Amino acid sequence: MIRVFAASPDLGGILHDPATGLNHHLPLRLTSQPPTGRLVLDDGELGPPISVSRAMPVSLCWSPLVRCNLACAHCLDDTSVHETDQLERHRVAGVLAGSGVLGVDISGGEPLLLRELPDLGRRVAGGGRTAASVTTNGWHLERRASELVDAFDAVRVSFDGATGETHDYHRSAGSFRRATAGVRAAVAAGLPVQLQMVLMRSNRAEAAAMVDLAVRLGAGGVTFLQMLPIGAGATVTGQMLTDDEATELVGALAVPAGFRLRLRTRAGAGGFTVIRADARVWRNDPHGTQIAGTKPLTEAADLLPEPVAAA
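Below or above, wherever it landed, is the structure these notes cover. Computed from a predicted structure; not experimentally measured. Along each chain, residue indices are assigned from 1 in the same order as the chain's sequence is written. In view of the model being predicted, local features appear only for residues whose pLDDT reaches at least 70, and side-chain atom pairs are presented and counted only at 80 or more, with totals across whole chains, interfaces and linings using the full set of residues. Neither water nor hydrogens contribute to the side-chain values; these are computed over all heavy atoms in the structure.

What follows concerns the overall build of the protein. The numbering of helices and of strands both runs from the N terminus, where a helix is a DSSP run of H or I of at least 4 residues and a strand a run of E of at least 2. Of the regular secondary structure elements, the protein holds seven helices and 15 strands. A radius of gyration in this sense is built from C-alpha atoms; the matching globule rule multiplies 2.2 Å by the number of residues raised to 0.38. A globule of 311 residues ought to have a C-alpha radius of gyration of about 19 Å, and the protein, at 18 Å, matches this closely. In terms of principal-axis extent, the alpha carbons of the protein reach across some 50 × 45 × 40 Å. Per-residue burial over the protein gives 54% buried out of 311 residues. Reported accessibility uses the Shrake-Rupley method at a 1.4 Å probe radius. Residues are deemed covered only where the shown protein chains occlude them. Of the roughly 13200 Å² that the protein leaves accessible, carbon and sulfur atoms contribute 54%. Residues counted as positive are Lys and Arg, residues counted as negative are Asp and Glu, and His and the chain ends are not counted. Just so you know, the charge point we use is NZ for Lys, CZ for Arg, CG for Asp and CD for Glu. Positive and negative side-chain charges of the protein, numbering 29 and 32 respectively, have mean locations separated by a distance of 3 Å. When a residue's accessible area, from a 1.4 Å probe over protein chains only, is under 20% of the maximum for its type it is buried; when over 50% it is exposed; and in between it is partly exposed.

In this analysis, strands are considered paired if DSSP registers two or more bridges between them. Read across the sheet, ten strands follow the order E12-E11-E10-E9-E8-E7-E6-E13-E14-E15 without closing on themselves; strand pairing throughout is mixed. Edge positions in the sheet fall to strand E12 (260-264) and strand E15 (291-296), since each has one partner strand and no second. Strand-to-strand, the axes of this sheet are offset by a mean angle of 25°, without reference to chain direction. By the bridge criterion, four bridges tie strand E8 (residues 131-136) to strand E9 (residues 154-159) in an arrangement that is parallel. Looking across to E9, one finds that Ser133 is bridged to Ala154. The convention used is that axes are lines fitted to C-alpha atoms, helices contributing only their stretch in contact, and that angles between N-to-C directions extend from 0 to 180 degrees.

Looking now at the pattern of salt bridges. A side-chain nitrogen of Lys or Arg and a carboxyl oxygen of Asp or Glu constitute a salt bridge if their distance falls within 4 Å. What the rule picks out here adds up to 16 salt bridges. A salt bridge links Glu83 to Arg67; its shortest N-O distance comes to 2.7 Å. Of this pair, Glu83 sits in the loop between strand E6 (59-62) and helix H1 (86-97) while Arg67 sits in the loop between E6 and H1, placing them 16 residues apart in sequence. The salt bridge involving Asp105 is made with Arg156; its shortest N-O contact spans 3.7 Å. One end of the pair, Asp105, is in strand E7 (residues 103-106); the other, Arg156, is in strand E9, and 51 residues separate them in sequence.

Before going further, it helps to spend a moment on the sheet that holds strand E3 (residues 23-25). In spatial order, the strands read E4-E1-E2-E3-E5; together these five strands make up an open sheet with antiparallel pairing. Of all the strands in the sheet, just strand E4 (37-42) and strand E5 (49-50) have a single pairing partner and so form its edges. As paired elements, strand E2 (residues 14-16) and E3 share three bridges and run antiparallel to each other. Bridge pairing in E3 places His16 opposite Asn23.

Cysteine sulfur atoms that pair up within 2.5 Å are treated as a disulfide. Evaluation of the coordinates by the stated rule reveals zero disulfides. Of all cysteine sulfurs in the structure, the one in Cys75 sits closest to Cys61, which takes part in no disulfide; the separation is 10 Å. Unpaired in this structure, Cys68 has its nearest cysteine sulfur neighbour in Cys72, at a distance of 6.2 Å. Its relative accessible area of 36% is what places Cys68 among the partly exposed residues.

As used in this record, nonpolar core signifies buried Ala, Val, Leu, Ile, Met, Phe, Trp, Tyr and Cys residues forming a set joined through side-chain atoms within 4.5 Å. Of all hydrophobic cores here, the largest spans 58 residues; its most connected members are Trp62, Phe159, Leu195 and Phe224. For this core, the element with the highest residue contribution is helix H6 (residues 207-217), accounting for six residues. Here Trp62 is in contact with Arg89, Val92, Ala93, Leu96, Val104, Asp105, Ile106, Ser107, Leu120, Val124 and Ile275, once residues within four sequence places are set aside. Phe5, Ala7, Leu26 and Leu41 belong to the second largest nonpolar core, which has seven residues in total. Any two residues having at least one pair of non-hydrogen atoms within 4.5 Å are treated as being in contact.

Quick look at the structure:
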């Protein structure tokens, strides 16, 4: 599939995929003069995922609102966080656009509740350096898919099961029907779509069926996310798989050629950067089990890690 990525000459040339959130080496044909910024490639050119270590985050999540039309028990968001106004959201988008971050995923809350969401996506990507994606529960996606086409490079749609019974149990009645209709509309509009499923003991048996569902809906892949005990999810007990259990489960799945499959373990979520609705920089701990706010986002340098105090 021909789609948009974001590139940086760091480490000999890296490529960020806004659909999966993964990073890759540049295709060999581009390494002699590594490009910077957004570029269009055939995703068949991608090599295996790589780990990237640099001071400025390669990618981050921005949750510009806490409002949501659903109330998932395992949600990572903290609804007690203050939500800034529209003017402040546009300011944050501008800071992110010029920060050197390659990928910004706009999440929530439910981002499709924001009327100005397409404007935020365009502003994030407008500097020509950053690929923008949006993560949604899909409830309003069918209605708004056409608005997102020139604003986002990928859409990630959250599912908690491959059947209406399982998904609606975790979300609400009718949410599976609305989410699947939204995926079909986004695919029809030409948007790269990635399904996302938080792995829990109650839905692990539907992992293979989730791959099948993605194929039927025309989505390009599935990202399985290890449940994090953060936000509302900190109160949910008895549902978390170990990273080893999740790795074994996902590693046994049969997937079609060219299908985008990712497992984000808790260890893999360690240190990840989040801009919450209060316009502050938050960062997961190294184990992906806690998150803490650090400072207001006033300039790109605020995204850099805190300096370690001398002993």
